[in-house]
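Given next are the chains, with one letter for each unit.
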Amino acid sequence: MSYKIVGDSCTDLNEEIKKDNHFQIVPLCIDIDGYLITDDNTFDQKDFLKRMADSPNCPKSSCPSPDAYMKAFDGPEDHVYVVTLSSKLSGSYDSAMLAKRLYLEENPDKKIEVFDSRSASVAQTLIALKVKQLEDEGKSFEEVVRETNEFRDNLKTKFVLESLETLRKNGRLSNIKAIIASALNIKPVMRGTEEGTIEKIDQARGINKTLLLMADLIKKDATNFANRTLAIAHCNNYERAVFVKDEIMKRVPFKDFFICDTAGISSLYANEGGIIVCY
């Protein structure tokens, strides 16, 4: 059976994955003080980061419409799999689910599954790659869905932010806390929860100490790593991503790894210098 994997644009892909015709990205949009940005292959990360830094406001994002998803469902593929941002962070999942219901009313022979990643960025990428692996192994649609859900449920996401400005601007961190953290050079280690929200799990002073702390935390909870891929997304700091990869692999010998730059939505969450890790 032929298949297609549709991801919203928070699914961060490296150049190799982008060349795979099984993948299709449906863009979210970002509004910075009335300037609209489509998170597709026209996205200019450096311009976006400058605009975000210059604005006193937090950019607003809008998820793909059901119509955009329905257009992505079209094609000769028998199986369509969708991977979205956490439903706790975006309306992308709900939009894809509505699109699925509407599309199947007129195309009942198509098989469509929508996965709530309960995370973001490279967690979505790993889920999409798991779907590809299972399809290429010849698994049935039902087997792919079941095994991918099991895989998703065992994923772990952690991230370190260079700047707390986005959290301050969107109201998730008070001005006072942000000022104190900035003055003391405190950087948080955050994680994605099982429910698809985010929370702080630890902190350190200085970015390198915090990245090493994250590597230590990964060593403590990584399981079945000999069969797993380490995925790292960075926001405009490839050298930092390589440093993180090297430190994690010293502690946990994952089977494989890949590194990619963040697209628009992930850049919004991570801000310049941010590092997102999933395994």
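Refer to the structure printed above.
The rules we used
Residues numbered from 1 in each chain as written. Predicted model: local features only at pLDDT ≥ 70, side-chain atom pairs only at ≥ 80, totals over all residues. Heavy atoms only, no water. Helix = DSSP H or I, 4+ residues; strand = E, 2+ residues; numbered from the N terminus. Rg over C-alpha atoms; globule rule 2.2 N^0.38 Å. Buried < 20%, exposed > 50% of the residue type's maximum accessible area, 1.4 Å probe, protein only. Areas by Shrake-Rupley, 256 points an atom, 1.4 Å probe, with all protein chains shown as cover. Lys, Arg positive; Asp, Glu negative; His and termini not counted. Charge placed at Lys NZ, Arg CZ, Asp CG, Glu CD. Pairing = 2+ DSSP bridges. Axes fitted to C-alpha atoms, helices over the stretch in contact; angles between N-to-C directions. Contact = heavy atoms within 4.5 Å. Salt bridge = Lys/Arg side-chain N within 4 Å of Asp/Glu carboxyl O. 1 Å grid on protein atoms, 1.4 Å probe; cavity = no way out; pocket = protein on both sides within 12 Å on 5 of 7 lines; lining within 4 Å. Points joined across faces, edges and corners; volume = space filled by probe spheres on them. Nonpolar A, V, L, I, M, F, W, Y, C, P; charged D, E, K, R; others polar. Expected span 1.5 Å × (residues − 1). Arc of directions from axis to C-beta.

Asker: Explain the overall build of the protein chain to me, please; I cannot follow it from the model alone.
Answerer: Helix and strand counts for the protein chain come out as eleven helices and 13 strands. Computed over its C-alpha atoms, the radius of gyration of the protein chain comes to 19 Å, within 12% of the 19 Å expected for a compact globule of 279 residues. If you line up the protein chain on its principal axes, its C-alpha atoms span 60 × 45 × 30 Å. Looking at the 279 residues of the protein chain, the share that counts as buried comes to 52%. Accessible surface for the protein chain amounts to roughly 13300 Å². Of this, 49% is attributable to carbon and sulfur atoms. Side-chain charges in the protein chain split into 38 positive and 44 negative, and the spacing between the mean points of these groups amounts to 7 Å.

Asker: Before we go on, may I ask you to explain the sheet that holds strand β4 (residues 35–38) in this structure?
Answerer: Within a sheet, adjacent strands bond to each other through the backbone by hydrogen bonds, running parallel or antiparallel. Read across the sheet, three strands follow the order β4-β3-β5 without closing on themselves; strand pairing throughout is antiparallel. Where the open sheet ends on each side, the last strands, each with one partner, are β4 and β5 (60–62). Pairwise comparison of adjacent strand axes, ignoring direction, gives a mean angle of 25 degrees for this sheet. Direction of pairing for strand β3 (residues 29–32) relative to β4: antiparallel, over a ladder of four bridges. Within β4, the position partnered with C29 by the bridge is T38. Helix α2 (residues 45–54) rests against β3 and β4 of the sheet, and its axis sits at about 40 degrees to β3.

Asker: Help me out: how do you make sense of the pairing of strand β10 (residues 198–205) in this one?
Answerer: In terms of strand pairing, strand β9 (residues 186–192) meets β10 through seven bridges, oriented antiparallel. Following the sheet pairing, G192 is matched in β10 by I198. Connecting the antiparallel pair β9 and β10 is a turn made up of five residues, with G196 showing a positive phi of about 100 degrees.

Asker: Looking at this structure, I do not really get the pattern of salt bridges. What am I missing?
Answerer: Two side chains carrying opposite charge are able to pair once their charged atoms lie near each other. By the definition in use, this model includes 24 salt bridges. We note a salt bridge from K111 to E142, for which the minimum N-O separation is 3.1 Å. With a gap of 31 residues between them, K111 in strand β7 (residues 111–116) and E142 in helix α6 (residues 141–153) connect regions that are remote in the sequence. As a salt-bridge pair, D221 and K158 come within 2.6 Å of each other at their nearest N and O atoms. Of the two residues, D221 is situated in helix α9 (residues 207–221) and K158 in strand β8 (residues 157–160); the sequence distance between them amounts to 63 residues. Residue classification places K158 among the buried residues on the basis of a relative accessible area of 3%. Among the charged side chains, a salt-bridge network with shared partners connects E137, K139, R146, E147 and E150.

Asker: I would appreciate a short explanation of empty space enclosed by the protein in the present structure.
Answerer: Tallying each qualifying case throughout the model produces two cavities of 30 Å³ or more. What lines the second largest cavity is simply N154, K156, D221, A222, T223, R228 and Y279. For the lining of the second largest cavity, the per-class residue count stands at two nonpolar, two polar and three charged.

Asker: Would you explain helix α4 (residues 92–106) in this entry?
Answerer: Think of an α-helix as turning once every 3.6 residues; residues three or four places apart then point the same way. Here α4 is 15 residues long and its end C-alpha atoms lie 22 Å apart, about the 21 Å a rise of 1.5 Å per residue gives. The set of residues buried in α4 consists of S92, Y93, S95, A96, A99, K100 and Y103. Viewed along the axis of α4, the buried residues span an arc of 155 degrees, placing them on a single side of the element. In this structure, α4 carries D94 and E105 as exposed residues pointing more than 90 degrees from its buried face. Tucked into the core, α4 has its buried residues touching β1 (3–8), α3 (66–73), β6 (79–84) and β7.

Asker: What exactly am I supposed to notice about the sheet that holds β10 here?
Answerer: Ordered by their spatial adjacency, six strands build an open sheet running β10-β9-β8-β13-β11-β12, and the pairing between neighbours is mixed. The outermost strands of the open sheet, each flanked by one partner alone, are β10 and β12 (256–261). Going across the sheet, the axis of each strand differs from the next one's by a mean of 20 degrees, ignoring polarity. Bridging between β8 and β9 involves three bridges; their strand directions are antiparallel. The residue bridging F159 from the neighbouring strand is M190, located in β9. In the packing of helix α10 (residues 238–251) onto the sheet, the strands contacted are β11 (229–234), β12 and β13 (275–278), and the crossing angle to β11 comes to about 155 degrees.

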